[in-house]
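Coordinates in review
Below, each chain spelled out in residue letters.
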Amino acid sequence: MLTNKLCKLIWAQMVGAFFAASGAYAQDITIAAIDLPGLYTPAADGIYDAAYAAASARANISIPMQVLPPARAIDQFLKQQVDCLAPMDAEFIGTDFPTVQTRPFFIARIFIFTAEGQAPLNSLAQLKGKKVGIRKGMIYGSEFDAAGLSVSVADSIESNIKKVQKGRLDAFIAYTPDAFDAFDPVSYTHLTLPTIYSV
């Protein structure tokens, strides 16, 4: 298997720089995308799905992409069962094989979310001694790992939202923009950017 041949190819497509040889590689390329609400979804109706479909159409190639839960997508990439992981950040996901990582087309940020009426939290230090929700399989970085927090793992952002509402969690952390897609706009009208603080 040619490792990460897709990473040379598909992210270049996303920014419009596509090279002619791609058609020859298209049949051999495999992609695992991390299921991110509103971005990459199993139904292929996220905004990153749309960008990928548009780039593929523009290049006149079809490369199947399988949207998987975070842990499974990352595991398949690390075991080299797929050629590309989307999205990928080499700072968070170390490999023992060469990879190609292009410039990102979006920068995700990690935020701390608390229940309505609770004081906002704006640092990892403020999470010490609190029960913090995280999403199974997601990687939050070495600083988070080293913080030694009490974490509760959930399958989805929506599950963490419910746990915070019920008082089973003090807070949860999640990446944006996908976290915002998990909130019901009618039930969570109090959530605005000024009340959510970045880790």
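Computed from a predicted model, the values in this text were never measured in an experiment.

1. Re the environment of Phe92
Tracing the sequence through the fold places Phe92 in the loop between β3 (84-86) and β4 (109-114). C-alpha of Phe92 to C-alpha of Met138: the two residues are 46 residues apart in sequence and 9.8 Å apart in space. If we skip the residues at most four places from it in the chain, Phe92 touches Ile139, Tyr140, Gly141 and Tyr175.

2. Here's the deal with the confidence of the model for the protein chain
Predicted confidence across the protein chain gives a mean pLDDT of 78, with 78% of residues reaching 70 or more. Across residues 1-24, where pLDDT falls below 50, the model places 66 contacts with residues more than four positions away in sequence or in other chains. Under a pLDDT of 50 for its full length, residues 189-199 has, in the predicted model, 24 contacts with residues more than four places off or in other chains.

3. Section: the environment of Ile157
Relative to the helices and strands, Ile157 is located in helix α6 (residues 157-165). Between the C-alpha atom of Ile157 and that of Tyr175, which follows or precedes it by 18 residues, the distance is 9.6 Å. Not counting the four nearest positions on each side in its chain, Ile157 is found in contact with Pro37, Arg135, Phe172, Ala174, Asp178, Ala179 and Ala182.

Parameters at a glance
Residues numbered from 1 in each chain as written. Predicted model: local features only at pLDDT ≥ 70, side-chain atom pairs only at ≥ 80, totals over all residues. Heavy atoms only, no water. Helix = DSSP H or I, 4+ residues; strand = E, 2+ residues; numbered from the N terminus. Contact = heavy atoms within 4.5 Å. pLDDT = per-residue confidence, 0-100.

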